[in-house]
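# Overview (structure and organization)
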Amino acid sequence: MISFECVSGLPLEFESFLLEKYDSYKTTCRYIEVYFPTCDINHMLVYEDDVFVELLIFANRGDTTTCFNLFVDFDHHIVAKFTELIFEKYPAVRRVKFNASYRDLDQKKSFLFSESNDYIVDLPSSVDDYYSQLGSTTRKHIKNYKSRLMREYPHANFKLKDRTEIDNDIIDKIIQLNVDRMKYKGIVPGLSSEENTKIHAFSQYYGRVAYIEIDGEIVAGCIAYALNKRIFLHVIAHDNNHSKYNVGQLCLFFLIQSSIEGQLSTFHFLWGDNEYKM
């Protein structure tokens, strides 16, 4: 028998459960806290025969309830009961929205928004094993580009920072490089100053930043989030003035190398087209 308990607020005490269960940094209390600060957040605890089995986080805005659980494979009975309870408890709600479900949902007054194209790499146990899986041309290019960079800039530094080590200035610089890169390619940038603030705030909990610095200036950088043995790439960028060294790719491989050395299991390149997906 399935039963539900509706509770107000973010379920911070269940953060470890969310980290273990879901393949997304977005289905964490800290992400919801940072990115939806004005929402009235609630959650439902789901029990099966008095055993805790599921947690649904949601917020109401106008006539819509949005469920924040991403990349889920909900049982249809749980979804049906959840929507039924929402409509009973909140008479003004006319729709329930689920994002990026692994399963098609067919529920009254419910609709599905999907996100896809997340390219995931299973990381081997050693850096040598990872490089051996790459094509010979890719291995050759990485070696040659790094040799050229270090020959012309022998004091170039590859740096890695985690969580509270990450300064706002580093986030701002990498995002500015990303914006400049998008404009150079004729693409409207999708990141704003408000987004910078949110990325930095969330990075204090799960952030990992890799970057290349030359004479005190960041010329390439990656912003990612590491949690529960997985790492999720969010932003990658490089200075167009250093494109001949392919510093963006070198920085990405530095991040992947550090992830392997840190015994992480999977690397998520995330959604959309990306020149670094290969």
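Everything below is about the structure shown above.
So, here is what we can say about the structure in this document. Keep in mind that this is a model prediction, so the values were computed, not measured.

Scoring rules and cut-offs
- All residue numbers refer to positions counted from 1 along the written sequence of the respective chain.
- Under the rules for a predicted model, residues below a pLDDT of 70 receive no local features and side-chain atom pairs below 80 are neither given nor counted, while totals for whole chains, interfaces and linings still include all residues.
- To get the side-chain values, take all heavy atoms of the structure and skip hydrogens and water.
- Comment: elements are numbered from the N terminus, with helices defined as DSSP H or I runs of at least four residues and strands as E runs of at least two.
- Throughout, exposure labels follow a simple rule: accessible area from a 1.4 Å probe, protein chains only, divided by the maximum for the residue type, with under 20% read as buried, over 50% as exposed, and the rest as partly exposed.
- Note on contacts: a residue pair qualifies if any of its non-hydrogen atoms lie within 4.5 Å across the two residues.
- In short, Shrake-Rupley with a 1.4 Å probe defines the accessible areas, and a residue's cover is counted only from the protein chains shown.
- Two strands qualify as a pair provided that DSSP identifies no fewer than 2 bridges between them.
- Axis definition: a line fitted to C-alpha atoms, limited for helices to the stretch in contact. Angles are taken between N-to-C directions and run from 0 to 180 degrees.
- Cavity and pocket criteria rest on a 1 Å grid covering protein atoms alone: a 1.4 Å probe that fits but cannot get out defines a cavity, protein on both sides within 12 Å along at least 5 of 7 lines defines an open pocket, and an atom within 4 Å of a point defines a lining residue.
- Grid points are joined across faces, edges and corners, and a volume is the space filled by probe spheres set on the points.
- In this classification, Asp, Glu, Lys and Arg are treated as charged, Ala, Val, Leu, Ile, Met, Phe, Trp, Tyr, Cys and Pro as nonpolar, and every other residue, Gly included, as polar.
- Expected span, for any helix, means 1.5 Å times one less than how many residues it has.
- Here a polar contact is recorded for every N or O atom pair within 3.5 Å, except that within protein the pair must consist of a potential hydrogen donor and a potential acceptor, and residues adjacent in sequence are included only if both atoms are side-chain atoms.
- Counted as salt bridges are all cases of a side-chain nitrogen of Lys or Arg within 4 Å of a carboxyl oxygen of Asp or Glu.

Let's shift gears to the overall build of the chain. If you tally the helices and strands in the chain, you get eight helices and 12 strands. In the chain, which comprises 278 residues, the share counted as buried stands at 47%. In the chain, the share of contacts with a sequence separation of at least 24, taken over all contacts with a separation of at least 6, comes to 68%. Looking at the chain as shown, the accessible area adds up to about 14100 Å², and 46% of this sits on carbon and sulfur atoms.

The next point concerns the sheet that holds strand β8 (residues 157-162). Ordered by their spatial adjacency, six strands build an open sheet running β7-β12-β11-β10-β9-β8, and the pairing between neighbours is mixed. If you trace the sheet from one side to the other, it starts and ends with β7 (120-122) and β8, each paired once. Direction aside, neighbouring strands of the sheet carry axes that sit 20° apart on average. In terms of strand pairing, β7 meets strand β12 (residues 266-268) through three bridges, oriented antiparallel.

Okay, the layout of surface pockets next. What the second largest pocket holds in volume is close to 400 Å³. Lining the second largest pocket are 19 residues, and of these Phe36, Thr66, Phe68, Lys97 and Asn99 sit closest to its centre. Residue assignment for the lining of the second largest pocket shows that the elements contributing at least two residues are α2 (29-35), β3 (51-61), β4 (64-67) and β5 (95-99). Of the residues that constitute the lining of the second largest pocket, the class distribution is 10 nonpolar, five polar and four charged.

As a further point, take helix α3 (residues 76-89). For α3, built from 14 residues, the straight-helix expectation of 20 Å at 1.5 Å per residue is met to within 8% by its first-to-last C-alpha distance of 20 Å. Turning to α3, its buried residues are Ile78, Val79, Phe82, Thr83, Leu85, Ile86 and Phe87. In this structure Asp75 caps α3, since a side-chain oxygen of it lies 2.7 Å from the backbone nitrogen of His77.

Inspection of every chain in the model, using the stated rule, returns nine salt bridges. Note that Glu152 is salt-bridged to Lys244, the shortest N-O span being 4.0 Å. Of the two residues, Glu152 is situated in helix α5 (residues 136-152) and Lys244 in the loop between β11 (230-238) and α8 (247-261); the sequence distance between them amounts to 92 residues. Note that Asp162 and Arg208 form a salt bridge whose closest N and O atoms lie 2.7 Å from each other. Here the residue Asp162 occupies a position in strand β8, and Arg208 occupies one in strand β9 (residues 207-214), the gap between them amounting to 46 residues. What makes Asp162 partly exposed here is its relative accessible area of 26%.

This part is about the pairing of strand β10 (residues 217-227). The two faces of the sheet receive side chains in turn, since in a regular strand these alternate between them. A large share of β10 lies buried, amounting to 10 of its 11 residues. Count of turn residues in the β9/β10 antiparallel hairpin: two residues, of which Asp215 carries a positive phi of about 50°. The pairing of β10 with β11 spans eight bridges and is antiparallel. Bridging from a neighbouring strand, Leu227 pairs with Arg230 of β11. Counting the residues in the hairpin turn of β10 and β11 gives two residues, including Asn228, whose phi is positive at 50°.

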